[in-house]
Amino acid sequence: MSVPQPWTAWFDATRAGAPHCFAQLATVGPDGARCRTLALRERHGAELWFTTDQRSEKVIELQRQAPPQGHPHAEACWYDLTSRTQWRFRGPVRFLLPDTHPEDCQRLWAKLDSADRARFHGPPPGSLHQTGLPQPGDHIAEDFSILVLRAEHVKVLELADLPHRHWYYPGEGRAAPTRLMP
């Protein structure tokens, strides 16, 4: 078997054939590990871009674990049912905010449907349920942000064939991957 292509090209090809790309993001809270599902909106080089609410627990957890100099770290995992391939991305996380990155935030805000936009204008995530969410406007909610995970470590597990194949890509995937035991 030949060595697979760079992870970025492989991921884009896999993602193009998938109906959705919902990844699970793992963080550490005061009571231990936490995991939640986020929609991957865009990929720029080795960066995966997700939209999130700045009032959410994941943002608070990430900010709490940030070192004095640098960014907090997280891991995202996506399983593509069509290809039976698991993707794991680990690296530093940063946030793009509407006041510092208006063009990027506006572009992703425009891609959200009205129900998703309304949630950003409503009560904070995880608060008690309320009926009658506000009507979303065209303006970006002040708590909207883009969570950017820079994939410094990428592991790909191919489960469609036997034997399974497991690959590790260091950095941005420019170096050839290392084959691991599944």
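Residues numbered from 1 in each chain as written. Predicted model: local features only at pLDDT ≥ 70, side-chain atom pairs only at ≥ 80, totals over all residues. Heavy atoms only, no water.

As recorded by an unreviewed UniProt entry, the protein carries the name Pyridoxamine 5'-phosphate oxidase family protein and is attributed to Alloalcanivorax marinus.

Asks: Could you give an account of the pattern of salt bridges, with specific residues and numbers?
Replies: Inspection of the entire model under this criterion finds 16 salt bridges. Among the salt bridges present, the one from Glu61 reaches Arg34, with a minimum N-O distance of 3.0 Å. Taken together, the residues Glu61 in helix H2 (residues 57-65) and Arg34 in strand S2 (residues 32-44) connect sequence positions 27 residues apart. On the basis of relative accessibility, which here comes to 3%, the residue Glu61 falls in the buried class. Residue Arg165 pairs with Asp161 through a salt bridge whose shortest N-O separation is 3.5 Å. Note on Asp161: relative accessible area 43%, which makes it partly exposed. The structure contains a network of salt bridges with shared partners spanning Arg34, Arg36, Glu57 and Glu61. (Salt bridge = Lys/Arg side-chain N within 4 Å of Asp/Glu carboxyl O. Helix = DSSP H or I, 4+ residues; strand = E, 2+ residues; numbered from the N terminus. Buried < 20%, exposed > 50% of the residue type's maximum accessible area, 1.4 Å probe, protein only.)

Asks: Can you explain the layout of surface pockets? Please cite residues and give values.
Replies: One number sums up the size of the largest pocket: a volume of about 540 Å³. Asp53, Asp116, Arg119, Phe120 and Pro125 are the residues nearest the centre of the largest pocket, which is lined by 24 residues in total. Among the elements that line the lining of the largest pocket, the one with the most residues is S2, at five residues. Here the residues of the lining of the largest pocket are counted per class, giving ten nonpolar, eight polar and six charged. (1 Å grid on protein atoms, 1.4 Å probe; cavity = no way out; pocket = protein on both sides within 12 Å on 5 of 7 lines; lining within 4 Å. Points joined across faces, edges and corners; volume = space filled by probe spheres on them. Nonpolar A, V, L, I, M, F, W, Y, C, P; charged D, E, K, R; others polar.)

Asks: Any details on helix H3 (residues 102-111)? Residues and values, ideally.
Replies: The set of residues buried in H3 consists of Cys105, Leu108 and Trp109. When H3 is viewed along its axis, its buried side chains cluster within an angular range of 105° and face the same direction. Across H3 from its buried face, at more than 90 degrees, point the exposed residues Glu103, Ala110 and Lys111. (Arc of directions from axis to C-beta.)

Asks: Could you give an account of unusual backbone geometry, with specific residues and numbers?
Replies: With an omega of 0°, the peptide bond between Leu162 and Pro163 qualifies as cis. Position of Pro163 among the secondary structure elements: in the loop between strand S7 (153-158) and strand S8 (165-170). Phi at Arg84 is positive, roughly 60°, even though this residue is not glycine. Within the secondary structure layout, Arg84 lies in the loop between strand S4 (73-80) and strand S5 (85-96). Judged by relative accessible area, which is 38%, Arg84 ranks as partly exposed.

Asks: Describe the nonpolar core, listing the residues and the values that go with them.
Replies: Ranked by internal contacts, the top residues of the largest apolar core, which has 28 residues, are Trp7, Phe11, Phe50, Trp87, Phe89 and Leu149. It is S5 that contributes the most residues to this core, four residues altogether. Ignoring anything within four residues of it in the chain, the contact list for Phe11 reads Cys21, Leu40, Arg43, Leu48, Trp78, Trp87 and Phe89. The next biggest cluster of nonpolar side chains, apart from the first, holds twelve residues, and it includes Leu96, Leu112, Phe120 and Phe144. (Core = buried A, V, L, I, M, F, W, Y, C linked by side-chain atoms within 4.5 Å. Contact = heavy atoms within 4.5 Å.)

Asks: Account for the UniProt feature "domain: Pyridoxamine 5'-phosphate oxidase Alr4036 family FMN-binding" (unreviewed entry) in the protein, naming residues and giving values.
Replies: Mapped onto this numbering, the UniProt entry gives "domain: Pyridoxamine 5'-phosphate oxidase Alr4036 family FMN-binding" (unreviewed entry) at residues 6-94. Within the segment residues 6-94, helix and strand shares are 21% and 52% respectively, and the terminal C-alpha atoms sit 24 Å apart. (UniProt positions renumbered as here; feature names shortened; annotations may be inferred.)

Asks: Lay out the pairing of S2 with the relevant residues and their values.
Replies: Strand direction decides the pairing type here: strand S1 (residues 22-29) and S2, joined by eight bridges, are antiparallel. Directly across from Ala23, in S2, lies its bridge partner Leu38. From the end of S1 to the start of S2, which pair antiparallel, there are two residues. Across four bridges, S2 lies against strand S3 (residues 47-53) in antiparallel orientation. Paired with Glu42 across the strands is Trp49, a residue of S3. Counted between consecutive antiparallel strands, the loop separating S2 from S3 contains two residues, among which Gly45 sits at a positive phi close to 60°. (Pairing = 2+ DSSP bridges.)

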